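Per-entry structural report
This is what each chain is made of:
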Amino acid sequence: MSAPASPEPAAEAARGPGRRRGGFWPLRDLPVVCWLAAAVAAALVHPFVPAPRWLMIHLLLLGAITHAILVWSRHFADALLRTAPRPGDRREQTVRLAILNGGAGAVVAGVLSGMWPITVLGAVSVSAAAIWHGAALVAQFRRALPGRFAVTIRCYVTAACFLPVGAALGTVLAWGVGDPLHGQLKFAHAMVNLLGWMGLTIVGTLVTLWPTMLRTRINEGAETAVRRALPVLAGSVVTAAGGAVSDLRYLAAAGVAGYLAGLGLMAWPFTETARRKPPRSYPTWSVLAGLLWLVGCLTVLGISVAGASSWADADAAFGWLTPFLAAGFGAQVLLGALSYLVPVALSRGPASARAANTVLDRGGALRIVMINAGLLVCVLPVPSLVRGLASVLVLGGLAAFLPLLFLAIRASRTAQGAAATDATDTTGAGAGPGGRGERRRRAPDGERPRGQATGLAATGLAAVVLAVAAGVAVGPTALVGTRPSTTAAAGVTGTGKTTTVHVKAADMRFTPATIQVPTGNRLVIVLENTDTEEVHDLVLDSGARSGRLAPGESARIGVGVVGRDLDGWCSVVGHRQMGMVLQIETTGATPPDAGSDAHADHDHGRPAAGGTNPDPDGDGEVAGATEDLDFLAEPDPGFTAHDASLPPAPDDRVHRHTFTVSDVERQVAPGVTQELWTFNGRMPGPVLHGQVGDVFEVTLVNDGSIGHSIDFHAGALAPDRPMRTIAPGESLVYRFRATRAGVWMYHCSSMPMSAHIANGLFGAVVIEPPDLPEVDRSYLLVQSELYLGAQGGVVDMAKLRAEEPDAVVFNGYANQYDHRPLRARAGERVRIWILNAGPNRATSFHVVGGQFDTVYAEGAYLLQRSSPGGSQSLALDPAQGGFVELTFPEAGHYPFISHRMIDAERGAHGIFQVAPPQ
């Protein structure tokens, strides 16, 4: 039996990049910092970049972590095998790192731009660098003497075999495949890269690095445990990925479980080392936290995949876990390891290493708590604002490494200079107050007094608690207006008894829908939102309310003494009109008569006799502020019309977009504002433009205050998963292939669908017919209806249900192209794409003074320019689209309208301003 080993091999490896190779090496030392900085920047600007989730994850995992693996695994191999460097080693590694980073950059550029050949080139480069790296390790292993920790090199070589496979799977995903195969390949891609390439490298490194970081001996039997675990871990990766590709979910779940079992095989030496010398510095806390996130996420993933009814469900579960694996596991292990290795690599003596280590450990407990408590908050079903604030704390805790790194480098160099000065000081004064002969006891590098660490941890926890409190205080669920308080007692004396009733909200119904309460009893309603998708609440006509509840949330409503019948409803727009109402009936006594003052409030929120209800939604807002609507009024001087020009179709065959749902207050006519629900802050939403056969991948992010969804008519697929309603703070990925040409509508499909469309959640997808001729100008007009609520309010459901719009508009604003006409020249051929988004009214598009020689509707030509006939209008029902073409005969002003004239008179009107020919 061998004696316990010292941590010297890992310490020697840690010194490798700085001391064994000597000097600053840009291509080795800078890329990790650059990739991390890019990941932080992407997180800060994520609403404005395409595929932000994919980008942030790959900047971290493919960029920073993969580069760090190539650098540090090579140096650990040098130290553990104790092989002398050969001539040309540095040059080879420089070329290898250049190929890797260039390839990673090409993958990012190719995916974001949709240029698949660039993605392929990048993936091939990354694979080549990994294969070369593995081959170099094999050659080094063969010329070395047998060593105790050869298993670490075997882990590195095995890991290098996985990365090319993962890169190939990623390349196929970038090309574009349909569901469910897309979800299967994505799962396999992640398993191979995350558990194979990253996981095996980390396992092999920690066998020696973990005790070294804790400054204790390597536990006896550690290398044996890793040797036993390696085939289990590698086989489990193959099983999980193979099960996914083969559409065998239970096999994929078994692979995840097997990987957990492999980690369990090496758990004893790892935990025993930590028990013997507990973590007390940021590097060790960070690595430990990262490993705990890995185990936790894999446990949830295995259970989710095994219990999933389809790959869509499994893919949704994995997609939800991915940020926690990236930030919780990947980022924390990387930053923890670098926080230990960098000071050692920088050192030119104990003083410089201690100085750098002290800087990198600043606020360690604070950062650890902020990161991990923040991530735990994000795991919970909290409002989107709370999740956003917690994410900011997580990002801040992780990003703090970058400025601390530069401060550590400066501190190390300063300490080196001071040490050099001390070495030339013959008086001994430089050695400190006690002279050179005095030695002061120091705490181990990076370890802080326990009380100070506890205080920092408490500060970090307080920051997270404050973020949660702030998010709850000002979040959407707390911003719902309150109704004037009215009494539920109606003058009745209380009995002293309490009735408690449990009510469930789901499927646009309260269950039970009627509650009976003995007159005079206090009533407590325990409301639980058991819906899987929708946000609900309960508002009573007494003024009591639950606040908005996300799926799975519950609330207690203290109604007080009940002396009269009460009405209740869900105040989310449209839910009351769909039947989500509750009646509370008193029993056992006669309530006060209608003439009493106590009963006078009983009809609050109901229409008066012979009148209409001014608050049909029960949200405290008076609906229908149409007195401000003047179709002839000029908009504000700074008004900018919605750009009606059809954006050109990109050359990419795979289109990736992020649609963020948000509540936006904006003008819809001169002097009239509404709170709209929008895709990317606009109504209509962004235009998608492509060719038949193109693949579209849209990430839907719900930053709104209620549940939303999306339905693309341009793709044919089962609606169960991609069109599901997601709660605020959640996201989903919707993929479809455009197999047929046309002007297709997309819209929110959450119930009531009419309200979600009428309040702004709609847009157009233009898929050009094959061989579509070029024209001089191309415009897109989306017609929709406005059912105006109060100023700054949302859609009026009573008007919507009565099909009585206040305005009918093109591209979201009444008569905007009267004030900002569309341009053309006489003799030019102009193509006008039209989509009728409705939700209720048909249109008959007409250009006054013009004749159409080409008409295309719902995927087919009704008239082509070679025909001797002509057309005067294009008739479209809601959710239908097409295009017309015409040539203006002379300069002038040509109105375009819906020839349903009442709609033209209430906003569906614009002008083509035609200039003379050039």
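Report on the accompanying structure. (Residues numbered from 1 in each chain as written. Predicted model: local features only at pLDDT ≥ 70, side-chain atom pairs only at ≥ 80, totals over all residues. Heavy atoms only, no water.)

1. Focus on the overall build of the protein
Scanning the protein from terminus to terminus reveals 22 helices and 27 strands. Split into buried and exposed, the 918 residues of the protein put 57% on the buried side. Sequence separation of at least 24 residues holds for 76% of the intrachain contacts in the protein that already meet a minimum separation of 6. Carbon and sulfur atoms make up 59% of the accessible area of the protein, which totals about 36,800 Å². (Helix = DSSP H or I, 4+ residues; strand = E, 2+ residues; numbered from the N terminus. Buried < 20%, exposed > 50% of the residue type's maximum accessible area, 1.4 Å probe, protein only. Contact = heavy atoms within 4.5 Å. Areas by Shrake-Rupley, 256 points an atom, 1.4 Å probe, with all protein chains shown as cover.)

2. A few points about the nonpolar core
If you look at the biggest cluster of nonpolar residues, it comprises 142 residues, and the most contacted ones within it are Leu36, Phe187, Met191 and Leu301. Once residues lying within four places of it in the same chain are set aside, the contact partners of Phe187 are Ala240, Ala244, Ala252, Val256, Leu301, Val305, Trp311 and Phe318. Judged by nonpolar contacts, the second largest core, of 57 residues, contains Ala505, Met508, Cys748 and Leu800. (Core = buried A, V, L, I, M, F, W, Y, C linked by side-chain atoms within 4.5 Å.)

3. A closer look at the sheet that holds strand 17 (residues 777–786)
Strand pairs in the sheet, formed through backbone hydrogen bonds, run parallel or antiparallel to each other. Read from one edge of the open sheet, 6 strands run 18-17-20-25-22-23, paired in mixed fashion. Pairing within the sheet leaves two strands with one partner each, and these edge strands are strand 18 (807–810) and strand 23 (860–863). Between one strand axis and the next, the sheet turns through 20° on average, direction left out of account. (Pairing = 2+ DSSP bridges. Axes fitted to C-alpha atoms, helices over the stretch in contact; angles between N-to-C directions.)

4. Structural notes on the pattern of salt bridges
Enumeration according to the criterion identifies 15 salt bridges in this entry. Between Arg74 and Asp78 there is a salt bridge whose closest N-O contact spans 3.3 Å. Here Arg74 and its partner Asp78 are both found in helix 4 (residues 52–81), 4 residues apart, which amounts to about one turn of the helix. Taken individually, Arg74 and Asp78 each receive the classification buried, so the pair is uniform in this respect. Residue Glu885 is joined to Arg831 by a salt bridge in which the shortest nitrogen-to-oxygen separation is 2.8 Å. Here Glu885 is found in strand 25 (residues 880–887), whereas its partner Arg831 is found in strand 20 (residues 829–838), with 54 residues between them in sequence. (Salt bridge = Lys/Arg side-chain N within 4 Å of Asp/Glu carboxyl O.)

5. Examining the packing of aromatic side chains
Enumeration over the complete set of coordinates arrives at 27 aromatic pairs. Residues Phe659 and Phe712 carry aromatic rings whose centres are separated by 6.2 Å and whose planes lie at 45° to one another, so their mutual orientation is tilted. Of this pair, Phe659 sits in strand 9 (residues 654–669) while Phe712 is found in strand 13 (residues 711–712), placing the two residues 53 residues apart along the sequence. You'll find Phe659 and Phe712 in the same group, each marked buried. With a centroid separation of 6.2 Å and 75° between ring planes, the pair formed by Phe810 and Phe845 is classed as edge-to-face. Highlighted residues: Phe810 in strand 18 and Phe845 in strand 21 (residues 843–847), separated in sequence by 35 residues. Phe810 sits in the buried class, given a relative accessible area of 2%. Owing to a relative accessible area of 1%, Phe845 belongs among the buried residues under this scheme. Among the aromatic residues, ring-to-ring pairing joins Tyr779, Phe810, Tyr817, Phe845, Phe852, Phe888, Tyr894, Phe896 and Phe912 into one connected group. The lysine or arginine in question, Arg367, covers the ring of Tyr282, its NZ or CZ lying 3.9 Å from the ring centre. Between Arg576 and the ring centre of Trp569, over which it is positioned, the NZ or CZ distance is 4.0 Å. (Phe/Tyr/Trp six-rings, centres within 6.5 Å; stacked < 30°, edge-to-face > 60°. Lys NZ or Arg CZ within 6 Å of the ring centre and 35° of its normal.)

6. Observations concerning helix 10 (residues 249–265)
In this model helix 10 runs 25 Å from its N-terminal to its C-terminal C-alpha over 17 residues, within 8% of the 24 Å that 1.5 Å per residue would give. Taken as a whole, helix 10 has its buried residues at Ala252, Ala253, Gly255, Val256, Gly258, Tyr259, Gly262 and Leu263. (Expected span 1.5 Å × (residues − 1).)

7. Focus on the packing of helix 8 (residues 181–214) against helix 11 (residues 267–276)
Packing of helix 8 against helix 11 leaves a shortest axis separation of 10 Å and a crossing angle of 5°. Comparing the axis directions of helix 8 and helix 11 gives the class roughly parallel. Residues Leu206, Trp210, Pro211 and Leu214 of helix 8 pack against Phe270, Thr273 and Ala274 of helix 11. (Parallel < 35°, antiparallel > 145°, perpendicular 65-115°, else oblique.)

8. Brief notes about empty space enclosed by the protein
Per the stated rule, a full pass over the model turns up 7 cavities of 30 Å³ or more. What lines the largest cavity is a set of 20 residues, among which Ile69, Ile202, Thr205, Val333 and Ala337 lie closest to the centre. Of all the secondary structure elements, the ones that give two or more residues to the lining of the largest cavity are helix 4, helix 8 and helix 13 (311–346). Classifying every residue of the lining of the largest cavity gives 16 nonpolar, 4 polar and no charged. Estimated volume of the second largest cavity: approximately 100 Å³. Around the second largest cavity sit Leu206, Val207, Trp210, Pro211, Asn219, Ala222, Val226, Met266, Pro269, Phe270 and Thr273, which together line it. Only helix 8, helix 9 (222–245) and helix 11 provide two or more residues apiece to the lining of the second largest cavity. Split into classes, the residues belonging to the lining of the second largest cavity amount to 9 nonpolar, 2 polar and no charged. (1 Å grid on protein atoms, 1.4 Å probe; cavity = no way out; pocket = protein on both sides within 12 Å on 5 of 7 lines; lining within 4 Å. Points joined across faces, edges and corners; volume = space filled by probe spheres on them. Nonpolar A, V, L, I, M, F, W, Y, C, P; charged D, E, K, R; others polar.)

9. Quick notes on helix 11
Taken together, the buried positions of helix 11 are Pro269, Phe270, Glu272, Thr273 and Ala274. Against the buried residues of helix 11 lie helix 8, helix 9 and helix 12 (282–307).

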